[in-house]
Structures are given as C-alpha cells and as structure tokens.
Amino acid sequence: MPTTPRPLSLRPALAALMALACSAWLPAQAQGDADWKPRKSTEFIVPSGAGAALDVAARKLTELLTREKLAPGFIVSNKSSAHGIVALEGLHRHPGDAHALMTLSTSYGNSLAQNALPDHLQKGTPLATLFREFVTVVVRADSPLRSTQDLVTQLRQDPGKYSIGIATTLGNHIHLGVAQPLKLAGVDIKGLRIVPYKSSAESMTALVGGHLDVVSATTPNLLPYLQSGRVRVLAVAAEQRLGGAFAQAPTWKEQGIDYVSDSFQGVMTVPGASAAQKAYWVAALRRVAETREWNDFVALNQWEPWFQGPQATQQLLQAQLATNQALLGELGLLPAAPRKIAKAP
C-alpha cells in the first residue's frame, strides 16, 4: 500500500474562501446603484462541455430567468478546462460588472483545496446553491461487473484493471464520488486508472462505445442510456434509492458501503459585485427556484432541490474543503508544498 501524503494545512485554502466571501463587498464601479438590475444580455459561463449536467442546468435556469423577466436575455458559454480555469478567467474579466454569472459546483471547492487556482481567480462572489446532485457509478449493460462487490473484488486485486471515466478534472466531485466509496471498501485508490473527459456526455459516449469500462457521472448524464437499456448502474451515492428510471439502482449504503455524496450546483458572479447586484441575483434565483417548472426539471434529473443563500453556500465550500483534503492527498493530488494564495483584503 502506498504511503498517504501528509495532509497540508487548511489555512491557505480557507484564506482563499475568506477572500471569496469578502470580494462581494469590494468597492466597484457599479456599487451605490441601489436599484441595479441587468440591462443587457448576461453571459452565463459553464465550466463543462455542451450537453453535460452543468450545461443542462444552466440552460434551463437561464430560460426561466428570461421567461420570468428577471433578465433581458443570456448567452450561455461553454468553457471546459482543468479546474474550470478558462471559465473562471471569463468570469473575472470584468470585475464589478454583474452581467456575468457562472455555474458554481462542488468542483470549485476541490480546486481550492488543491491550490490549483491562481490568485486572481479566487475572488468570485457566490450567490446561491440550487440543488444537491448524486454521483453514480455505471457500466455497460453487457459488462461482467454485476454489482459493486464485483467491482471492489477486482480492484482490490488490481486497482488499475478497469478504465474509469470522469469529467472534467482529477480531484473534482465526480472523481471523489467514485474514489471515496472504493477507498471505504478497501481499494488502493491511488492506483485507479482514471480517464478525464471534457464532459460527462463525452465519457458516457465513450462507455457505450466500448472505450471505457466504468464511468462516474451524475444522474442526468445517464438518463437516455439507462432508459434505452444500454447501461447498468452499480451504485448511486444517495441516502436512499431514487425514483423513475433509477428505481432499480442500488445505493452504496444498501451494498454495505456507508457513502453519500455531498455534491451541489449553484451560481456565482464576478469579483467586486456590489451589494445591490448580489441582492438582485439572489432574489432572482430564489424566485426561479420556487417555480413549478424548475422543480419539475430538478425532479426529472433526479436532483434534490436545496436553495441556500450566499453565506450558507460559502459554509458548504468550507466544509468540503476540510473533508476532502485528506482524500485528495491520498490520491496524490495535493502539491508537495502549499502554493501562496492571496489573502483577504
């Protein structure tokens, strides 16, 4: 068994989150505009490829924000890259101008935990959490792997035996969503053969095409393949079984592995957003989250509606930082020494 790297101090990453929280109140050109609202098309940046779960949620959200007359319109921009750096560059390009939003997911906190983000990309403004999502582990319908026990038995003997597709970055919630339960089952997770893709839509295509053995992905990415009988779910990281097409998919817990994922999706905006800009977008997102169409959409994708405001969202990121750093270290995904991160102003 490989030696587990010594966990790094949480101080640099927590300082980054403090800067993140404070950035919403930094002086900006737009501050003082008490009745601020978007007066032109807003760019909504998605840190993944088109067709993936992040993209699907962003497009539905922007559709409803527009329909509810909460914004003149949106341009959805897909910017997939490791740690969402390309997307974050786009978000940080115009500080203080909240005509730009971006998907905020658990992956952002994991990137902070890895010290993977340059100083200038750590100052965005979290607005809200919208829902919880559940990571699944899936194989083709004709796979010899019939259960998690089959997978665990094989990987205990040879951790690199199967190719496991994830999206989009090593160390993100999709990666940890398969690594953590396998670790609990006694697998040497540092030896796993992980293959990153630009989106879960791409990893699922590779799976059904015979180019991967296993995929870790969130529920919406599986739906068309599950409904057509081309794949089989080995485990869902939920507290209890989901409904609909996932009704026959077992949880990790019912198979003897005590694991439930804590992944979520939300929204963030530019650094230096004014109090008025922040308040407007939080209220707009809350209003959409209360609509029947949004809740039907969330249910269809087997997500759990869970609206949380800015402060609670920051606390979620902090909690995940603390819990995930040890696992990231065991995967060999932490630097040998912490990189200096910008302190809160």
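Everything quoted here is computed from the prediction, not taken from an experiment. (Residues numbered from 1 in each chain as written. Predicted model: local features only at pLDDT ≥ 70, side-chain atom pairs only at ≥ 80, totals over all residues. Heavy atoms only, no water.)

(A) Expanded view of the nonpolar core. Core analysis: the biggest nonpolar cluster contains 34 residues, and Leu-151, Leu-182, Leu-192, Val-214 and Trp-252 have the highest contact counts within it. Those elements that place two or more of their residues in this core are β5 (135–140), α5 (148–157), β6 (163–167), α6 (173–184), β9 (231–236) and α11 (310–330). The dominant element in this core, judged by the number of residues it contributes, is α6, at five residues. Not counting the four nearest positions on each side in its chain, Val-214 is found in contact with Val-137, Val-138, Val-139, Leu-145, Leu-151, Tyr-162, Ser-163, Ile-164, Gly-165 and Leu-207. (Core = buried A, V, L, I, M, F, W, Y, C linked by side-chain atoms within 4.5 Å. Buried < 20%, exposed > 50% of the residue type's maximum accessible area, 1.4 Å probe, protein only. Helix = DSSP H or I, 4+ residues; strand = E, 2+ residues; numbered from the N terminus. Contact = heavy atoms within 4.5 Å.)

(B) The arrangement of the sheet that holds strand β4 (residues 125–132) in detail. Spatially, the six strands line up as an open sheet ordered β2-β1-β3-β10-β4-β11, and their pairing is mixed. What marks the edges here is a single partner per strand, and that holds for β2 (74–78) and β11 (304–308). In this sheet, adjacent strand axes meet at a mean angle of 25° when their direction is disregarded. In terms of strand pairing, strand β1 (residues 42–46) meets strand β3 (residues 100–105) through three bridges, oriented parallel. By the bridge assignment for β3, Ile-45 is matched with Met-102. Across the face of the sheet, helix α2 (residues 53–67) comes into contact with β1, β2, β3, β4 and β10 (264–269) while running at roughly 175° to β2. (Pairing = 2+ DSSP bridges. Axes fitted to C-alpha atoms, helices over the stretch in contact; angles between N-to-C directions.)

(C) Expanded view of the packing of helix α4 (residues 106–113) against α11. Axis separation between α4 and α11 bottoms out at 9 Å; the angle between their running directions is 60°. With respect to α11, the element α4 is oriented oblique. As for the relative orientation of α4 and α11, their crossing is right-handed in sense. On the side of α4, the interface is formed by Thr-106, Tyr-108, Gly-109, Asn-110, Leu-112 and Ala-113, while α11 contributes Leu-317, Gln-320, Leu-321, Asn-324, Gln-325 and Leu-328. Looking at the contact of α4 with α11, its residues break down into six nonpolar, six polar and no charged. (Parallel < 35°, antiparallel > 145°, perpendicular 65-115°, else oblique. Left-handed = near helix turned anticlockwise from the far one by under 90°. Nonpolar A, V, L, I, M, F, W, Y, C, P; charged D, E, K, R; others polar.)

(D) Just the side chain of Arg-132, in detail. Here Arg-132 lies in strand β4. Polar contacts involving the side chain of Arg-132 include one to the main-chain carbonyl oxygen of Ser-261, which spans 3.0 Å. Non-local contacts of Arg-132, meaning those with residues more than four positions away in its chain, are made with Val-260, Ser-261, Asp-262, Ser-263, Phe-264, Trp-303, Glu-304 and Trp-306. (Polar contact = N/O pair within 3.5 Å; in protein donor to acceptor, adjacent residues only side chain to side chain.)

(E) How the structure looks around α4. Extensive coverage of α4 is indicated by the burial of eight of its eight residues. Every buried residue of α4 is accounted for by Thr-106, Ser-107, Tyr-108, Gly-109, Asn-110, Ser-111, Leu-112 and Ala-113. At the exit of α4 stands Asn-115, carrying a positive phi of roughly 55°.

(F) How the structure looks around the packing of α6 against α11. Contact pair α6 / α11: the axes reach a minimum separation of 11 Å and the direction vectors enclose 80°. Viewed along their axes, α6 and α11 adopt a mutual orientation that is roughly perpendicular. Only Asn-324, Leu-327, Leu-328 and Glu-330 of α11 make contact with α6, whose side of the interface consists of Leu-176, Gln-180 and Lys-183. Looking at side-chain class alone, the contact of α6 with α11 contains three nonpolar, two polar and two charged residues.

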